[in-house]
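Below are the chains, spelled out letter by letter.
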Amino acid sequence: FFRAVQQLVIRGNTFGRAQGSLLNLNYGCNDGVIEDNFFEYAPYQFESLIHKEPHAGIQLIGNRCKVRRNRFSHCGVGIGVDRGNGGTSNGNLIEKNTFLECEILGITLNGAAPEFQGQLNDNRIVGNIFDGKAGIDIRLDLPAGGSNQWGNRIQTNAIPGKVHFFDGGIGDVLTMQNKFPIVMQGNTAASTGTGSASNGAKGFAILGAA
């Protein structure tokens, strides 16, 4: 568990078989490099008894971190990027990682808990590989006016499974529908779908996706 650590480098390690998230970068861990690591067995069931959410290989609340060339196997979620407790997760790069047998999802961008007014902007998810069991989850539980320029981009990933868009508040999505908070470009995906409301798709630009 790292809290507000700056310019960290985590390279060439194996993390596994914990009763929680394997690497927790929290409350403003900025400008880090996490590369060439192996993350395995972050359980889903144990976490569901406490926080009702799956454990992750990497849980990140931070800015401008580079997460690249890591391998995630048998995790509840591979990488969870969020803005809990009013934190920001802006400008992160998630690149060329491999996700195998993730129990719930490979990557989550979670804008939940609208009362905290955090940010989740300008993140890039590029060139990652998924095994088809789990894909990418985009949650848009954002407050109106809480984020003016998302600019998150999902590009050239191999996603055999679904890309799931979930919005927890129709009004929140409608206020941002002209700002294109999510851009998908050049991905190979089996299908895309929306969760609790059909309006959840209005904030997305899907360009050249197969």
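Calculation notes
- Residues numbered from 1 in each chain as written.
- Predicted model: local features only at pLDDT ≥ 70, side-chain atom pairs only at ≥ 80, totals over all residues.
- Heavy atoms only, no water.
- Phe/Tyr/Trp six-rings, centres within 6.5 Å; stacked < 30°, edge-to-face > 60°.
- Helix = DSSP H or I, 4+ residues; strand = E, 2+ residues; numbered from the N terminus.
- Buried < 20%, exposed > 50% of the residue type's maximum accessible area, 1.4 Å probe, protein only.
- Lys NZ or Arg CZ within 6 Å of the ring centre and 35° of its normal.

1. A closer look at the packing of aromatic side chains
Two descriptors summarise a pair of aromatic rings, namely the distance from one centre to the other and the angle between the planes of the rings.
Link 1 in the chain: The final tally for this structure, using the stated rule, is four aromatic pairs.
Link 2 in the chain: Plain terms: the ring middles of phenylalanine 39 and phenylalanine 72 are 4.9 Å apart, the flat faces sit at 5° to each other, and that makes the pair stacked. Taken together, the positions of phenylalanine 39 in strand E6 (residues 38–42) and phenylalanine 72 in strand E9 (residues 71–75) put the pair 33 residues apart, joining distant regions of the chain.
Link 3 in the chain: Measuring from centroid to centroid gives 4.9 Å for phenylalanine 99 and phenylalanine 130, while their planes differ by 10°, and the two rings are stacked. Here phenylalanine 130 lies in strand E15 (residues 129–130) and phenylalanine 99 lies in strand E12 (residues 98–100), a separation of 31 residues in the sequence. Phenylalanine 130 matches phenylalanine 99 in its accessibility class, with the two residues each being buried.
Link 4 in the chain: Of the aromatic side chains, those joined through ring pairs into one cluster are Phe15, Phe39, Phe72, Phe99 and Phe130.
Link 5 in the chain: The cationic tip of arginine 3 hangs over the ring face of tyrosine 27; the distance from NZ or CZ to the ring centre is 4.4 Å.
Link 6 in the chain: Across from the ring centre of tyrosine 41, 4.2 Å away, lies the NZ or CZ of arginine 17, which sits over that ring.

2. Section: unusual backbone geometry
Link 1 in the chain: Phi angles above zero are rare outside glycine, and tyrosine 27 is one such case at about 50°.
Link 2 in the chain: The residue tyrosine 27 is located in the loop between strand E4 (23–26) and strand E5 (33–35) in this model.
Link 3 in the chain: The partly exposed category is assigned to tyrosine 27, whose relative accessible area is 36%.
Link 4 in the chain: In the Ramachandran plot, lysine 96 falls in the positive-phi region, its phi being about 60° despite a non-glycine side chain.
Link 5 in the chain: Of note, lysine 96 is situated in the loop between strand E11 (93–95) and E12.

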